[in-house]
Structures are given as C-alpha cells and as structure tokens.
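Okay, here's what each chain looks like letter by letter:
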Amino acid sequence: MGAELTIAVMRPAELSAEARGLWAAFRAAEPAFQRPYFDLRYVLAASESAPGAAVAVISRAGRIVGFLPFQRRGRLIQPIAAPLTDYHGLLAAPGEQIDLQAVTAGLGARRFRFSGLVARERPAPNAVVLQSMVADLSAGLDPYLKRRGGDFLKDKRRRARRLAEVHGPLEFAFGPRSQDALDFIIRLKRSQIRRTSQHDIFSSAWVVRLLRRLEAMEEADFGLRFATLRVGGQLIAAEVGLRSGGAYHLWFPVYDPAFARYSPGALLTLETARAAAEQGISLIDFGAAGEEYKRDFADPGDQVFEGDVTTGGLVEAARNAADLAFGRSSPVRRALSAAGGRVDRRWDRIIACEPQLEGRVGAASLSLGQIARRKPKTSIGVGLGLGIGLYSLIVD
C-alpha cells in the first residue's frame with residue numbers, strides 16, 4: 001500500500017469520538033455523501049445486523065483520511081449490509097485520492113464488489129457507469145411539479161378519481177411508523193422475487209433484523225419512513241424509504257397487482273413527494289437508473305459505478321485470459337462482460353445474504369432451478385457462473 005498509508009479494521013461502534021467527528025466532517029464536505037447510507041447512524045445499525053461487518057479506518061502519516069464500511073465474505077469484500085446498501089464507497093477527506101485497489105489489498109481481499117459506488121473517477125477499467133435518478137425539491141414542490149408537466153399530473157389525478165369512485169376513499173400517510181406496512185412490503189416483495197427468480201433476500205434473518213432495527217430508531221432527521229396508500233381502508237400500496245437530514249432514499253416500493261390499472265405505485269410516489277417537501281426534505285433519490293417509472297418522477301443526478309476491483313485470484317485471471325483471447329473492446333468480449341455482470345449481480349445477492357458456504361450452495365442451486373424452469377437455454381451459462389463463483393471463494 002505504500003509506507004504512508006495504513007489501515008485499521010474495527011467495528012463501527014469502536015470508532016473514537018475523534019474519528020466520528022472526522023466522519024461527520026468528511027461527509028459534510030461532499031454533496032454525494034449526503035445520501036442516507038453514508039450516515040454513521042445507518043452504518044452503526046448495519047454493523048449490528050450484517051454478518052462480517054466492519055469499517056476500515058485509513059490513515060496517512062498518522063492522520064485519518066478516509067473510512068470504508070464493508071462486510072467480509074472470505075477473500076471477497078462487499079459494501080456493508082449489501083445488497084441493501086444501494087449507495088456506498090470510500091468516505092474520504094476533501095482533496096484526498098485513495099486507491100481503492102490498494103485498500104482492497106490492504107484488507108487482505110482478492111476482490112471488492114460494488115453496485116452503486118460513489119466516486120469522483122472510474123475506480124477500475126471494467127466498472128460500468130450508472131446514472132442516479134433524483135427529484136430536486138430544494139425550491140419547493142410547485143417548481144418540481146412544473147418540471148414534470150401538465151399531462152403527467154392530469155393522468156395521476158384522473159386515476160386517483162377513478163380509484164376512489166370504484167373502491168372507496170383514498171387515504172395517504174407518510175411517517176416513521178406504520179402498523180402493517182413493513183409486513184405488507186416484505187410479503188409483496190417476496191412474491192415479486194419469486195416471479196423473477198431472484199434470490200430472496202428477505203429469507204435471511206439479518207436482512208429483516210436490520211429493517212426492524214431501523215424502524216425502531218425514532219429520530220426526527222433519520223430512520224425509516226413509510227408511505228402508505230389505502231382505499232376504502234385497504235392497504236394497496238406502500239413504500240419504505242430511508243431519511244438522513246434533507247435527503248430521502250426510496251427503498252422498497254410495492255403495490256397490490258389487483259389494482260395495477262390505477263397505477264397505485266405512481267399515486268403513492270406523487271403523494272410522497274408532496275409530504276416530503278412539507279417535512280423539509282430537499283432531495284428524493286430513486287436509486288440508479290433502472291425501472292422506467294423513475295423517469296416520470298426524477299431527473300438524472302450524479303454518476304455512480306458498478307463493478308469490482310481485484311488484486312489477483314481466479315476472477316482476475318479469467319478476465320485477463322478473456323482480454324488476451326478476444327481483445328478488451330471486441331464484441332465477443334463485451335458480450336462476455338455483460339453476461340458476467342448478470343451472473344455477478346445474482347451471485348452478489350446470494351453471497352451477501354448467505355455468509356455460510358452451505359447457505360450459498362443451497363441458494364445457488366435454488367436459483368439455478370428457478371432459472372431452468374423459466375429460461376432453460378440460459379440455465380447452463382448461469383450455472384457455470386455460479387459454480388465459478390463458489391469455486392473462487394473456496395480457493396481464495
């Protein structure tokens with residue numbers, strides 16, 4: 001790593017008062033760090049729930065210059081509480097340039113996987129650029145709605161009127177507590193996960209434990225917020241988000257498919273923006289671009305990165321062999337990279353949620369079986385990728 005940089009690894013709760021003060025100062029100096037996942041309160045809650053959670057305290061010449069919250073899975077490291085932590089990265093002092101690969105090596109890891117890395121520059125050649133999507137409420141609700149356009153609002157009002165006419169009066173709520181929202185969200189999310197053959201993150205006890213822990217934190221400027229939409233007294237749409245100061249991150253949105261024709265999720269999001277503005281929230285973050293609905297409510301924000309940094313081992317050797325055989329920019333190499341990215345995302349979820357090898361093997365087998373039933377032609381490739389992932393963990 002070089003003589004002037006050193007790394008100390010500890011539990012976040014062990015950070016000294018001086019280190020906590022520096023954390024707050026580093027975060028305050030960079031707008032991108034205002035996201036709730038960089039709030040030390042989130043990191044502390046995550047570390048009490050997620051297996052293998054720790055923080056790397058990075059010093060230069062005896063002076064703390066950065067922090068990296070992470071969780072360890074063998075010789076692989078991931079963002080702390082992955083896959084829940086949508087944004088993550090190295091919280092560095094203003095003006096500091098810290099090599100993420102050197103930090104990964106200093107932690108004794110072969111690989112650091114990330115999916116929403118906040119960084120000033122591309123951290124590795126293979127890293128993919130993702131576009132965050134945000135709703136800027138800093139000037140208030142009316143300017144925000146004006147940017148969305150008149151047709152947008154007319155459509156939502158029409159759907160809301162029709163929903164009320166057919167099913168009863170609408171009731172919206174937004175706040176830190178909801179009697180049944182979290183159970184409703186988890187139940188519908190698990191159903192959605194089964195339909196799409198993804199790994200069920202809510203089957204892991206620590207995931208639900210973290211959400212419950214955050215739900216219990218009653219602080220005016222931090223913690224979970226629940227948005228709910230009821231019609232005739234029945235809960236039909238809900239979303240849980242995470243607040244830190246003036247920033248709010250939409251996390252898990254769901255709605256009852258029986259009401260899909262009314263776009264209850266969109267109605268809920270519109271009312272959430274209204275309530276958030278009233279409560280002094282200046283920015284709603286929808287996460288990195290993906291679902292099409294985000295473009296209706298949000299505009300492009302800053303860029304984040306998906307990919308990894310490696311320090312040797314099977315993954316780096318396979319990647320170098322592909323570059324040598326096909327050339328880094330060839331169509332074949334790009335296709336291999338895209339396929340590998342899909343397997344990586346599936347594997348990331350499994351390894352993050354299942355810290356024990358037997359749990360990973362079982363989850364990988366279940367995932368492959370689900371894919372084989374839905375898409376038989378792709379199951380061989382995904383199975384090979386998951387197998388390589390398991391093997392790399394064992395040998396590394």
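See the structure printed just above.
Figured I'd write up the structure that's included with this text. Residue positions are counted from 1 within each chain, in the order its sequence is given. Given that this is a predicted model, residues contribute local features only at a pLDDT of at least 70 and side-chain atom pairs are listed and counted only at 80 or more, while totals for whole chains, interfaces and linings are drawn from all residues. Calculation of side-chain values draws on the structure's entire complement of heavy atoms; hydrogens and water are dropped beforehand.

Some remarks on the overall build of the chain
So, point 1. Secondary structure is summarised from DSSP: a helix means a run of H or I of at least four residues, a strand means a run of E of at least two, and numbering begins at the N terminus for each. Along the backbone of the chain there are 13 helices and 13 strands.
So, point 2. Residue burial is assigned from relative accessible area. The probe radius is 1.4 Å, only protein chains are included, and a residue is buried under 20% of its type maximum, exposed over 50%, and partly exposed in between. Burial statistics for the chain: of 396 residues in total, 50% are counted as buried.

Concerning the side chain of Ser 244
So, point 1. Following the sequence through the fold, Ser 244 ends up in strand β10 (residues 234-244).
So, point 2. Polar contact criterion, stated in full: a pair of N or O atoms within 3.5 Å, where within protein one must be able to donate a hydrogen and the other to accept it, and residues adjacent in sequence count only if both atoms are side-chain atoms. Of the polar contacts made by the side chain of Ser 244, one reaches the side chain of Asp 39; its length is 2.7 Å.
So, point 3. Filtering out sequence-adjacent residues up to four positions away, Ser 244 remains in contact with Arg 27, Gln 34, Pro 36, Asp 39, Arg 41, Asp 221 and Phe 222. Contact definition: two residues touch when any of their heavy atoms are within 4.5 Å.

Section: the packing of helix α2 (residues 40-47) against helix α7 (residues 205-216)
So, point 1. Lines fitted to C-alpha atoms define the axes, with helix axes restricted to the stretch in contact, and inter-axis angles between N-to-C directions lie between 0 and 180 degrees. Where α2 contacts α7, the axes come no closer than 9 Å and their chain directions differ by 135 degrees. It follows from the interaxial angle that α2 and α7 lie oblique. For the pair α2 and α7, the crossing hand works out as right-handed. The residues of α7 that touch α2, namely those facing Tyr 42, Ala 45 and Ala 46, are Leu 210, Arg 213 and Leu 214.
So, point 2. The residue inventory of the contact of α2 with α7, partitioned by class, reads five nonpolar, no polar and one charged. Should an angle fall under 35 degrees it is taken as roughly parallel, and over 145 as roughly antiparallel, whereas 65 to 115 is taken as roughly perpendicular and any remaining angle as oblique. Crossing handedness is read from the near helix: turned anticlockwise from the far helix by less than a right angle, it gives a left-handed crossing, and turned clockwise, a right-handed one. Three categories are distinguished: nonpolar for Ala, Val, Leu, Ile, Met, Phe, Trp, Tyr, Cys and Pro, charged for Asp, Glu, Lys and Arg, and polar for the others, with Gly belonging to the last.

Examining unusual backbone geometry
So, point 1. Residue Pro 83 is reached from Ala 82 by a cis peptide bond, and omega for that bond is 10 degrees.
So, point 2. You can see Pro 83 is positioned in the loop between β4 (76-79) and β5 (91-92).
So, point 3. Phi is positive for Ser 197, close to 60 degrees, though the residue is something other than glycine.
So, point 4. A relative accessible area of 2% places Ser 197 in the buried class.

Some thoughts on the nonpolar core
Side chains of nonpolar character tend, in soluble globular proteins, to be buried together.
So, point 1. Judged by nonpolar contacts, the single largest core of 54 residues is most densely connected at Tyr 42, Phe 67, Leu 84, Leu 210, Leu 214, Trp 251 and Phe 252.
So, point 2. Per element, the largest residue contribution to this core is seven residues, and it comes from helix α6 (residues 181-196). To qualify as a nonpolar core, a set must consist of buried Ala, Val, Leu, Ile, Met, Phe, Trp, Tyr and Cys residues joined through side-chain atoms within 4.5 Å.

Focus on the layout of surface pockets
So, point 1. Definitions used for this entry: grid spacing 1 Å over protein atoms alone; cavity, a set of points where a 1.4 Å probe fits but cannot get out; pocket, an open set with protein on both sides within 12 Å along at least 5 of 7 lines; lining residue, one with an atom within 4 Å of a point. Grid points are joined across faces, edges and corners, and a volume is the space filled by probe spheres set on the points. In this structure, the second largest pocket spans a volume of roughly 450 Å³.
So, point 2. Ile 98, Val 118, Ala 119, Arg 120 and Glu 121 are the residues nearest the centre of the second largest pocket, which is lined by 19 residues in total.
So, point 3. Of the residues in the lining of the second largest pocket, the class split is 10 nonpolar, two polar and seven charged.

Looking at empty space enclosed by the protein
Rolled over the atoms, a probe with the dimensions of a water molecule shows which regions are left empty.
So, point 1. Here the structure, examined in full by the defined rule, presents one cavity of 30 Å³ or more.
So, point 2. When its volume is computed, the largest cavity comes out at roughly 70 Å³.
So, point 3. Every residue along the wall of the largest cavity is listed here: Trp 23, Tyr 37, Phe 38, Tyr 42, Val 43, Pro 69, Pro 79, Ile 80, Thr 85, Tyr 87, His 88 and Gly 89.

Focus: the pairing of strand β7 (residues 128-136)
Remark: a regular strand shows side chains that alternate across the two faces of the sheet.
So, point 1. Relative to strand β13 (residues 299-310), β7 runs antiparallel, the two being bridged by six bridges. Considered in β13, the bridge of Val 134 is made with Asp 299.
So, point 2. Note: β7 against strand β12 (residues 283-288), four bridges, orientation antiparallel. Residue pairing for β12: Ala 135 is matched across the bridge by Ile 284. By definition, two strands form a pair when at least two bridges between them are found by DSSP.

A look at the environment of Asp 86
So, point 1. Looking at the element boundaries, Asp 86 is found in the loop between β4 and β5.
So, point 2. With 49 residues separating them along the chain, Asp 86 and Tyr 37 place their C-alpha atoms 7.7 Å apart.
So, point 3. Ignoring sequence-local partners within four residues, the contact set of Asp 86 consists of Tyr 37, Gly 116, His 249 and Trp 251.
So, point 4. Engagement of the side chain of Asp 86 in a polar contact is seen with the side chain of Tyr 37, the distance being 3.5 Å.

With respect to the pattern of salt bridges
Should the charged atoms of two oppositely charged side chains come close, the side chains can pair.
So, point 1. Definition used for salt bridges: Asp or Glu carboxyl oxygen within 4 Å of a side-chain nitrogen of Lys or Arg. A full pass over the atoms with the stated rule returns 23 salt bridges.
So, point 2. Between Arg 41 and Glu 219 there is a salt bridge, and its shortest N-O distance comes to 2.7 Å. Of this pair, Arg 41 sits in helix α2 while Glu 219 sits in the loop between α7 and β9 (222-231), placing them 178 residues apart in sequence.
So, point 3. Judged by its relative accessible area of 31%, Glu 219 falls in the partly exposed class.
So, point 4. When salt bridges with common partners are traced through the structure, they connect Arg 27, Asp 39, Arg 41, Glu 219 and Asp 221 into a single cluster.

Overview of the environment of Ala 102
So, point 1. Structurally, Ala 102 can be placed in helix α3 (residues 100-106).
So, point 2. Classification of Ala 102 by relative accessible area gives buried; the value is 17%.
So, point 3. As a C-alpha pair, Ala 102 and Thr 311 span 209 residues in sequence and 8.4 Å in three-dimensional space.

Some words on the packing of helix α5 (residues 150-167) against helix α8 (residues 264-278)
So, point 1. Relative orientation of the contacting elements α5 and α8 amounts to 115 degrees, with a least axis distance of 10 Å. Between α5 and α8, the angle falls in the class roughly perpendicular. Seen from above, α5 lies across α8 with left-handed handedness. Seen from α5, the contacting residues are Phe 152, Leu 153, Lys 156, Arg 159, Ala 160 and Leu 163; seen from α8, they are Ala 266, Leu 267 and Leu 270.
So, point 2. Grouping the constituent residues of the contact of α5 with α8 by class yields seven nonpolar, no polar and two charged.

Some remarks on helix α4 (residues 141-148)
So, point 1. Of the positions making up α4, those classed as buried are Leu 141, Tyr 144, Leu 145 and Arg 148. Along the axis of α4, the buried positions cluster into a sector of 95 degrees, meaning they face one direction only. For α4, the exposed residues set more than 90 degrees away from the buried face come down to Asp 142 and Lys 146.
So, point 2. Packing partners of the buried residues in α4 comprise β7, α5, α8, α9 (294-297) and β13.
So, point 3. Looking one or two residues beyond α4, the residue adopting positive phi is Gly 149, at roughly 100 degrees. By construction, the arc corresponds to the directions joining the helix axis to the C-beta atoms.

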